[in-house]
Amino acid sequence: MSEYWKSQPRKFCEYCKCWITDNKPSVDFHEKGKKHQENVKRKIDEVRKKGITDAKKKEELEDDIQKMEKAALEAFKKDLASDPELAAKYGVRVRSEAEKEADRKKKVKEENIAKQKALEEVEKKLLEAEKKKKEGEWYEAKSVEGYTYYWNTVTHESKWVAPEVFVSLEEQEVRKKKEEEEAEKQARVQAELDSLPDQVEVGPLRHGATSTSAYGQWSTVKELPNLELPEEPTEPLEPLPVEDIPLPEPPKEKTVKQEGGRFKEKRVKSLAKDNETTKVTFKKRKVTSGARNTRQRDEED
């Protein structure tokens, strides 16, 4: 049987840029060394600084792109305003200064009319309430003989001739039913509130109790709620004016925090200059027993 030589496997350290024997004792000894740990820490610092720099560059690039897009849209609006054919091609209507002024006046006029109508409605309601409070309401009633007459709730005046506005017997029945239903509802709610315990019991439920008994029961919704959604336009929309083309919001200004009154750490890798290749060493001074610049031990030490 022939013999052959097999070399030991080697491992390259990416942090120290050197080769080591690829076995557990050698790898552990190298990784626990001070030089390797400093190189790993230095590499982590470099990656962190590079990440911060890349993030700043990316943010600045996004801000520049937003500024470019806004400037391009503004220039496009100017082109549309100056070239009617281009505006017609993109389905945009260019308005003249006279049309803009007319639209502005029309909008102001409509707002004033709406405010005036709202004020008039409020005043009308207040006057009706005040009049009803002073004069009262006329109610329809039946006498013992079956004749119809009308009486006032404030003055208690009665007459045979029907007034212009009065509450008929049917309306009185509807009002009475509504009041009874409201009273029953309030009484039911109050009874449910009174039946609730003062403190909620913690722990397993008693026999026959349900998890929803203390919080009411489910109720069926008969009518769907009004979501106030906008109605779909039936007529075709007019071309959008140039001034109504939306522009992106300007980028927010960044506030740079000034770190004042702090000491920044500066690490010196070597005491030698950059162009020097010699190794810097410290010379140990030999101190003799009769030296004057050394502190002698006294009795207090």
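Residues numbered from 1 in each chain as written. Predicted model: local features only at pLDDT ≥ 70, side-chain atom pairs only at ≥ 80, totals over all residues. Heavy atoms only, no water.

1. Focus on the pattern of salt bridges
We count it as follows: Salt bridges are defined as contacts in which a side-chain nitrogen from Lys or Arg sits within 4 Å of a carboxyl oxygen from Asp or Glu. Helix and strand assignments follow DSSP, with helices taken as H or I runs no shorter than four residues and strands as E runs no shorter than two, numbered in order from the N terminus.
According to the stated counting rule, one finds three salt bridges in the structure shown. Here E101 and R104 are joined by a salt bridge, their closest N and O atoms 2.4 Å apart. Remark: R104 and E101 occur in helix α4 (residues 97–135); sequence separation between them is three residues, near one turn of the helix.

2. Overview of a negative patch on the surface
Spelled out, the test is: Candidate patch residues must exceed 30% relative accessible area and have no salt bridge, after which like charges are joined if within 9 Å and Val, Leu, Ile, Met, Phe, Trp or Tyr side chains if within 5 Å. What sets the accessible areas is the Shrake-Rupley method with a 1.4 Å probe; for residues, cover comes only from the shown protein chains. His residues and chain termini do not enter the charge count, which takes Lys and Arg as positive and Asp and Glu as negative. By convention, charge coordinates are those of NZ in Lys, CZ in Arg, CG in Asp, or CD in Glu. Between buried and exposed lies partly exposed: a residue is buried under 20% and exposed over 50% of the maximum accessible area for its type, with that area taken using a 1.4 Å probe on protein chains only.
On the surface, a cluster of negative charge is contributed by E170, E171, E173, E179, E180, E181, E182 and E184. Given the relative accessible area of 58%, E179 is considered exposed.

3. Observations regarding a nonpolar patch on the surface
On the surface, a cluster of nonpolar side chains totalling about 410 Å² of accessible area is made up of Y147, W160 and V161. By relative accessible area, Y147 is classed as exposed at 53%.

4. Things to note about the sheet that holds strand β6 (residues 158–159)
What counts here: Two strands pair if DSSP finds at least two bridges between them.
With antiparallel pairing, the three strands of this open sheet are ordered in space as β4-β5-β6. Strand pairing shows two members of the sheet lacking a second neighbour, β4 (138–142) and β6, which therefore form its edges. Two elements, strand β5 (residues 148–152) and β6, share two bridges in a ladder whose sense is antiparallel. Note on β6: the bridge partner recorded for Y150 is K159.

5. So, the side chain of N39
The condition is simple: Any two residues whose heavy atoms approach within 4.5 Å are treated as being in contact.
Turning to its location among the elements, N39 is positioned in helix α2 (residues 34–82). Among all residues touching N39, those that are not within four sequence positions of it are Y15 and C16.

6. Some points on the packing of aromatic side chains
To be explicit about the condition: Centres within 6.5 Å are what make two rings of Phe, Tyr or Trp a pair, Trp counting through its six-membered ring; a difference in plane orientation under 30 degrees is then read as stacked, over 60 as edge-to-face, and the rest as tilted. Distance and angle both matter: a charge sits over a ring if NZ of Lys or CZ of Arg is within 6 Å of the ring centre and within 35 degrees of the ring normal.
Under the criterion given, the structure shown has four aromatic pairs. Each ring, one from Y139 and one from W151, has its centre 5.7 Å from the other, and the planes form 35 degrees; the classification is tilted. Here W151 lies in strand β5 and Y139 lies in strand β4, a separation of twelve residues in the sequence. Accessibility expressed as a relative area gives 18% for Y139, which makes it buried. Overall, the relative accessible area of 31% leaves W151 in the partly exposed class. For K159, the ring lying beneath its charged end belongs to W138, and the centroid distance is 4.5 Å.

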